[in-house]
Amino acid sequence: SLSLKTRNIISSTHISTAMKISCVSFIFLVQIREILSFTLNRYSGIASPSLSSHLNQASDRNTDSVETASNRLQEELSSLTDSVSTAFRFIASKDLAKDIAAICDEIDEVSVSSDDGLLVQNLKIRSKCLKWSRRTMLAKLMREDYDVYVTTAEFLSPNRIPRSELPNVQDVRVNDVAPAKQLIDKETGLSLVPDCELDNKSFDDSLLDKILLKIFRNLVVKETNGVGVSDKPGIEGLLEQGRKYMLMPGQNAENQHKMVYNVLKSLMTPVLPPFYRIFMSGIVPKLGTDFDGKQIGPWFYAPWLTSFVTPTFFGFLVGPSTPNYRKDGQLGGLVVEKCKFLQESGCKGLCLNQCKLPAQQFFAEELGLPLTVSPNFVTQECQWSFGEDPLLPEDDPSFPRGCLVGCESRKSMAGSYADSF
């Protein structure tokens, strides 16, 4: 009878593999117990009473252990299944704004619930599933109605949703920071951009960051013909190099763009750009055919894969960053938590002409992938959106006009291209 049950369980299509293994193991141990019991009864006159007692006790303990393990496994699987099904139930929601608030309540309940010792709870699987579902729902809301997403995000963050868990923070105001007021420079009459009111962030550079920064600074010296030389260490020395080059007599924006473009090209070595152009941007290499140089991409995976790789190699310049969603709700975004380059320079001209514009130009022309860099001067965050065509600064309503209030180079840059934007 037990063998027949075993075969029925194995052939069943309604039971998971893990449950099949658990049930068959339990039946197998029950069969062993029955055999031992039969043997003891059959040869009770031969075996000593103490041996029979020990065997029965051992068999009972094994059976109890199997039953306990089986029950525990069922509880784990039930908890895991419930967590995943709840997450997908929220994703299938029709009223996103309402259910995003509801899932926040669910996450809060999980965080204060008692721990019954289950592995699923110890690993916070349910909480992670719900947070993944919430992030997916917010991205879906971005695709459907971006303005509603911004309103919802500002209402729920940071009290209900940490800012770091939002899929995009590009236009989401920080509640603790008052809206920027229009400021005017009394001496020049030009518009000014308020400085960041958030506390400065300290950066711990890794060994790779230090090596890349050293290489980058040497390349800047080479591209500026020795103009950009500084004895200061780290990022401060790099910024002094860039500032000296920016303030040279007769300097213009195009020269700065070209300098950074050439530095980035040298930094990536002659090997990486051709590889990227073929396997990410879909540009046909020179093979002697009619399709040489034509672009059939970028491939669908290029934006989000680039957003995952970039933080490792650009952290030395901008600081820590994490992949996120673009403004259109698609993968391929990257948010810099607090830009090292912008925080330490305090200069919008350096940000514009030695980071934003040359980076966009390099990715589009050298790598074949559009890029939009959107700095937030209020929070010093910066959104990088791979695969998104950028607007010119003068056509971008989100890019403020004028210099930063605390910019040390404002008077020297008066009337320049950078000062206008």
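Everything that follows concerns the structure shown earlier in this document.
K.L.:
Outline the pairing of strand β3 (residues 321-325), listing residues and values.
P.N.:
Two strands pair when backbone bridges link them, and β3 and strand β4 (residues 331-336) are joined in this way by five bridges, in the antiparallel orientation. When the bridges of β4 are listed, T322 appears paired with V335. Taken together, β3 and the strand that follows it, β4, pair antiparallel across an intervening segment of five residues, in which G329 is found at a positive phi of about 85 degrees.

K.L.:
Just give me the short version of the sheet that holds β4, but keep the residues and values in it.
P.N.:
Sheet strands associate in pairs through backbone hydrogen bonding, adopting either a parallel or an antiparallel arrangement. The four strands are arranged β3-β4-β6-β5 in an open sheet whose pairing can be described as antiparallel. Both outer strands of the open sheet, β3 and β5 (371-375), are each paired with one neighbouring strand and no more. Strand-to-strand twist of the sheet, defined as the mean angle between neighbouring strand axes without regard to direction, takes the value 25 degrees. In terms of strand pairing, β4 meets strand β6 (residues 382-386) through four bridges, oriented antiparallel. Note on β6: the bridge partner recorded for V336 is C382. With respect to the sheet, helix α12 (residues 302-318) is in contact with β3, β4 and β6, its orientation differing from that of β4 by roughly 20 degrees.

K.L.:
Can you explain the environment of P311? Please cite residues and give values.
P.N.:
Along the chain, P311 falls in helix α12. In the structure, P311 is positioned 25 residues away from V336 in sequence and 8.7 Å away in space, judged by C-alpha atoms. Non-local contacts of P311, meaning those with residues more than four positions away in its chain, are made with S321 and L334.

K.L.:
An account of the state of the cysteines is needed here, citing residue identities and associated values.
P.N.:
Such a bond, covalent and formed between the sulfur atoms of two cysteines, is termed a disulfide. Taken as a whole and assessed by the stated rule, the structure comprises zero disulfides. Left without a disulfide partner, C407 is nearest to the cysteine sulfur of C347, which lies 3.7 Å away. Take C407: its relative accessible area is 7%, and that puts it in the buried class.

K.L.:
Tell me about the pattern of salt bridges, and name the residues and values.
P.N.:
Tallied over the full model, the rule gives 12 salt bridges. Of the charged contacts, one joins E381 and R163 as a salt bridge, the two residues approaching to 2.9 Å between their closest N and O atoms. Note that E381 is positioned in the loop between β5 and β6 and R163 in the loop between α7 (146-156) and β1 (183-184), a separation of 218 residues in sequence. R326 is paired through a salt bridge with D328; the nearest N and O atoms lie 2.8 Å apart.

The rules behind each value
Residues numbered from 1 in each chain as written. Predicted model: local features only at pLDDT ≥ 70, side-chain atom pairs only at ≥ 80, totals over all residues. Heavy atoms only, no water. Pairing = 2+ DSSP bridges. Helix = DSSP H or I, 4+ residues; strand = E, 2+ residues; numbered from the N terminus. Axes fitted to C-alpha atoms, helices over the stretch in contact; angles between N-to-C directions. Contact = heavy atoms within 4.5 Å. Disulfide = S-S within 2.5 Å. Buried < 20%, exposed > 50% of the residue type's maximum accessible area, 1.4 Å probe, protein only. Salt bridge = Lys/Arg side-chain N within 4 Å of Asp/Glu carboxyl O.

All quantities given are derived from atomic positions and should not be read as evidence of function.
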